[in-house]
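# Examination of the molecular architecture
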Amino acid sequence: MITAFVLIKTDATRIPESAQEISELEGISEVYSVTGEWDLIAIARVQKHEDLADVIADKLSKVKSVVSTTTQISFRAYSQHDLDAAFSLGFDH
């Protein structure tokens, strides 16, 4: 599974509508409205790198109110949940 974080600038008057439309695209698992330089951050999850082109360049970037995007592709995920599961022996405490 390939995970990418897409930082999105949108028409400021249409942020909620943009988020909803983007969240409905196949390959987008989540969309967050955020503070700062970007309006939205979308999480794309696809099987192959080539699929990112379909999701981001061919679909997400063509959403009418999207002004610009920057994409960050993840190498590895770290979370406390994953670490706890890796070291769990299955005993109830």
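Residues numbered from 1 in each chain as written. Predicted model: local features only at pLDDT ≥ 70, side-chain atom pairs only at ≥ 80, totals over all residues. Heavy atoms only, no water.

As recorded by an unreviewed UniProt entry, the protein chain carries the name DNA-binding Lrp family transcriptional regulator and is attributed to Arthrobacter stackebrandtii.

### Comments concerning helix α2 (residues 49-57)
Three or four residues apart is the spacing at which side chains of an α-helix point the same way, because the helix has 3.6 residues per turn. Within α2 the residues assigned to the buried category are Asp-51, Leu-52, Val-55 and Ile-56. Buried residues of α2, seen end-on, are gathered within an arc of 120° and therefore sit on one face of the element. On its buried face, α2 sits against β1 (2-10), β2 (28-33), β3 (40-46) and β4 (66-73). (Buried < 20%, exposed > 50% of the residue type's maximum accessible area, 1.4 Å probe, protein only. Helix = DSSP H or I, 4+ residues; strand = E, 2+ residues; numbered from the N terminus. Arc of directions from axis to C-beta. Contact = heavy atoms within 4.5 Å.)

### Regarding the nonpolar core
One broad rule of soluble globular proteins: the nonpolar side chains tend to lie buried together. Among the nonpolar cores identified, the biggest contains 19 residues, and Ile-8, Ile-22, Ile-28, Val-31, Ala-42, Leu-52 and Leu-60 are the most heavily contacted of them. Secondary-structure elements contributing two or more residues to this core are β1, α1 (15-23), β2, β3 and α2. Ile-28 has contacts with Ile-22, Ser-23, Ala-42, Ile-43, Ala-44, Val-55 and Leu-60, leaving out every residue within four places of it along the chain. (Core = buried A, V, L, I, M, F, W, Y, C linked by side-chain atoms within 4.5 Å.)

### As for the pattern of salt bridges
Within this structure, the stated rule accounts for three salt bridges. When the shortest N-O distance is used, the salt bridge between Arg-45 and Glu-30 registers 3.4 Å. Placement of Arg-45 in strand β3 and of Glu-30 in strand β2 is noted, with a sequence separation of 15 residues between them. You can call Glu-30 partly exposed: its relative accessible area is 26%. The residue Lys-48 makes a salt bridge to Asp-51 at a minimum N-O spacing of 3.9 Å. Accessibility expressed as a relative area gives 46% for Lys-48, which makes it partly exposed. (Salt bridge = Lys/Arg side-chain N within 4 Å of Asp/Glu carboxyl O.)

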